[in-house]
Amino acid sequence: MSQHSQTSHALPKATTRRERCLPASQIAKDVSTFETWSSYQDCEEVDFSMDFPGCLSDHVAEVFSLDGRLPESWVDPQSKDYRKLKRIVKPAFLDFLQLARAAAPKLFSDNVSFDDDAKDILHSVQMVFSAWQCVERMRGSSRKWSEADYTGVYELVRRSAIQCGEARAQCEIALPQPSPRHEVTAEAVRVLSVKKAKPDGALFIPARLLTSICKEEQSPYKVLYRASRQKTGSAVGGESSFRYQSTLCARLPDAYVFEIASTFWEDKKPSHHELEAAYRQNRMATTAALRQLHALDVEAPVFGIVWAERTVRVHADWWRVKEGRPRIYSAAYDGGPPRSPRRNSVAFHEWDLARPGDIIEVFLLMRNLDRWTTGTFHEAVVAGITKLAKRMEAGDASTISWRRKGDLSLLVGRKVDPECAPPPEPAECSISSAEAAAPPKRKSKKRKPRQSNQSH
């Protein structure tokens, strides 16, 4: 009987044991697992030149507007501005500008004056020059440089450019729920169950710019918050609540505010495998951001950047509703404007940070992204959320739960819509009253005999 009892106790443990879900970084490293994740998220990789939507072209034009941003007088030895620069900057910096002018003459323009904005750019470009010098020293050394060494160079460029938006390093973000158009399989659960990712960097709209649509009683945030409470009935809190849907971050903020990001980046080693893995990891982050934007009725793209040794790549992602559900599209930036013939057969345009013209272009690109995030992108976010709140009050819309939630293993083999009928929450978040009552009963039975023995 003892052998039989040992066997009976061993069987439940074997049947209830679950494999841990794969982390986002591991999913991105393997092509097959990422294919599973992206397919269930309705993600698709497309062509930037041919497929980027015209209605979003103004966003792209603003971000990739790099020509004619620096004064021509900086590189003209006959100009007064050049003579001023010669007195305040190092000769090596002037040489750096001349190299950039020779390689990328379109960066400079006679129409740009040496005003306060140009002076601000001059200070930032001097930081970029320091980053370029670091790259040159690393190139000329026989030492093998690590990913962290190059990250220090990247940070110089990024810090010189980001002054308006809020850059967050290693910020955990929430990943989205799989699309309900696909039946969950046992094999896919381990991949789909991942709930968060940690990009190397992200650019958020500062909270202070969104307080106008959050604080007042009739603000869009409060309207949507109350509407979501009515939708869920008497339920309060939990991963389906609007408090969770309003933030992209895995952890809730202290205040009742929106947390919305426009750009993500990954710093990787230069091998082909690492570059592709970084692109896939970025796509997981942009997919989450776009699912949040879709839920908030915001029409705007989200950008991803891959930094690898000396090279920089960019992709633009966006959402579109197809067959009643959001689809996420990702396109490698190929260097040309949307809706134009591809200039070459290479998917990504690459900037080489060892080239003065290229590293200045990357700085200007990051500067554009920074100002776009707090400008045009911010305006699109406010307009979309405000419109959604008005539609909600009129009864023409409902809140959408986009974040990963619940136990997907309970959906295996069942055609369930996770958006409309989410799977049960994990035990620590939501359990039934019957389940909650059972454990205390078992514990009390064990404790009573012990207490009686101690009293005697």
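Residues numbered from 1 in each chain as written. Predicted model: local features only at pLDDT ≥ 70, side-chain atom pairs only at ≥ 80, totals over all residues. Heavy atoms only, no water.

Once that is clear, we can look at the packing of aromatic side chains. Scanning all chains against the criterion turns up 26 aromatic pairs. Judged by centre distance (6.4 Å) and plane angle (75 degrees), the ring pair of Phe48 and Phe64 falls under edge-to-face. Here Phe48, found in helix H4 (residues 48-51), pairs with Phe64, found in the loop between helix H5 (57-63) and strand S2 (70-71); they are 16 residues apart in sequence, far enough to count as distant. We classify Phe64 as buried; its relative accessible area is 12%. Taken together, a centroid distance of 5.9 Å and an interplanar angle of 25 degrees make the contact between Trp318 and Tyr329 stacked. With a gap of eleven residues between them, Trp318 in strand S10 (residues 311-322) and Tyr329 in strand S11 (residues 325-332) connect regions that are remote in the sequence. Per residue, the accessibility class of Trp318 equals that of Tyr329, and both read buried. (Phe/Tyr/Trp six-rings, centres within 6.5 Å; stacked < 30°, edge-to-face > 60°. Helix = DSSP H or I, 4+ residues; strand = E, 2+ residues; numbered from the N terminus. Buried < 20%, exposed > 50% of the residue type's maximum accessible area, 1.4 Å probe, protein only.)

Quick look at the pattern of salt bridges now. Here the structure, examined in full by the defined rule, presents 25 salt bridges. Arg283 is the salt-bridge partner of Glu45, the closest N and O atoms lying 3.6 Å from each other. Of this pair, Glu45 sits in strand S1 (residues 43-47) while Arg283 sits in helix H13 (residues 272-295), and the two are 238 residues apart along the sequence. Classification of Arg283 by relative accessible area gives buried; the value is 7%. A salt bridge links Arg158 to Glu155; the nearest nitrogen and oxygen atoms lie 2.7 Å apart. Of this pair, Arg158 and Glu155 both sit in helix H9 (residues 147-161), three residues apart, roughly one helical turn. Judged by relative accessible area, which is 27%, Glu155 ranks as partly exposed. Linked by salt bridges that have partners in common, Asp42, Glu44, Arg181, Glu323 and Arg327 make up one network. (Salt bridge = Lys/Arg side-chain N within 4 Å of Asp/Glu carboxyl O.)

Right, let's talk about the confidence of the model for the protein chain for a bit. Close inspection of predicted coordinates is inappropriate in any region flagged by low pLDDT. Confidence in the prediction of the protein chain, expressed as mean pLDDT, is 86, and 83% of residues score 70 or more. Contacts from residues 1-8, a stretch scored under 50 in pLDDT, to residues over four places away or in other chains number zero contacts. Predicted confidence is poor over residues 450-456, with pLDDT under 50, and the contacts of this stretch with residues over four places away or in other chains come to zero contacts. (pLDDT = per-residue confidence, 0-100. Contact = heavy atoms within 4.5 Å.)

Another aspect to go through is helix H7 (residues 91-103). Taking 1.5 Å per residue as the helical rise, H7 with its 13 residues ought to reach 18 Å, and the 19 Å between its terminal C-alpha atoms agrees with that figure. Listing the buried residues of H7 in full gives Phe93, Leu94, Phe96, Leu97 and Ala100. Taken end-on, H7 shows its buried residues confined to a sector of 155 degrees, consistent with a single buried face. Relative to its buried face, H7 has exposed residues pointing more than 90 degrees away, namely Pro91, Ala102 and Ala103. Its buried side turned inward, H7 meets helix H6 (80-88), strand S3 (108-109), helix H8 (116-139) and helix H14 (356-374). (Expected span 1.5 Å × (residues − 1). Arc of directions from axis to C-beta.)

A separate point is the nonpolar core. One finds Trp37, Phe258, Trp307 and Ile360 to be the most contacted residues of the largest nonpolar core, which totals 125 residues. Top contributing element to this core by residue count: H8, with ten residues. (Core = buried A, V, L, I, M, F, W, Y, C linked by side-chain atoms within 4.5 Å.)

This part covers the pairing of S11. In terms of burial, S11 is a largely internal element, seven of the eight residues being buried. Two strands pair when backbone bridges link them, and S1 and S11 are joined in this way by five bridges, in the parallel orientation. Residue Glu44 lies in a different strand from S11, and its bridge partner there is Tyr329. Taken together, the eight bridges between S10 and S11 define a ladder with antiparallel strand orientation. Residue Arg320 lies in a different strand from S11, and its bridge partner there is Arg327. (Pairing = 2+ DSSP bridges.)

At their nearest, the axes of H8 and H9 sit 8 Å apart, and the two run at 165 degrees to each other. Taken together, the axis directions place H8 and H9 in an arrangement best described as roughly antiparallel. When you trace H8 past H9, the crossing you get is left-handed. Mapping the contact onto sequence places Ser124, Met127, Val128, Ser130, Ala131, Cys134, Val135 and Met138 in H8 and Asp149, Tyr150, Val153, Leu156, Val157 and Ser160 in H9. (Axes fitted to C-alpha atoms, helices over the stretch in contact; angles between N-to-C directions. Parallel < 35°, antiparallel > 145°, perpendicular 65-115°, else oblique. Left-handed = near helix turned anticlockwise from the far one by under 90°.)

Turning our eyes to something else, we now look at helix H3 (residues 31-40). Burial in H3 covers these residues: Thr33, Phe34, Trp37, Ser38 and Tyr40. All buried residues of H3 lie within an arc of 165 degrees about the axis, which places them on one face of the element. Positive backbone phi, approximately 60 degrees, marks Asp42, located one or two places after H3.

One can find Asn282 in helix H13. If we ignore the near neighbours within four places in the chain, the residues touching Asn282 are Phe264, Trp265, Glu266, Gly304, Ile305, Val306 and His315.

Bringing the pairing of S10 into the picture now. It is a general feature of regular strands that their side chains alternate between the two faces of the sheet. Note: strand S9 (residues 302-308) against S10, seven bridges, orientation antiparallel. Looking at S10, one finds that Trp307 is bridged to Val312. From the end of S9 to the start of S10, which pair antiparallel, there are two residues, and Glu309 there has a positive phi angle of about 55 degrees. For S10 and strand S12 (residues 351-352), the ladder comprises two bridges, and the chain directions are antiparallel. Residue pairing across strands places Val312 opposite Trp351, the latter belonging to S12. The antiparallel hairpin formed by S10 and S11 contains two residues in its connecting segment, where Glu323 sits at a positive phi of about 55 degrees.

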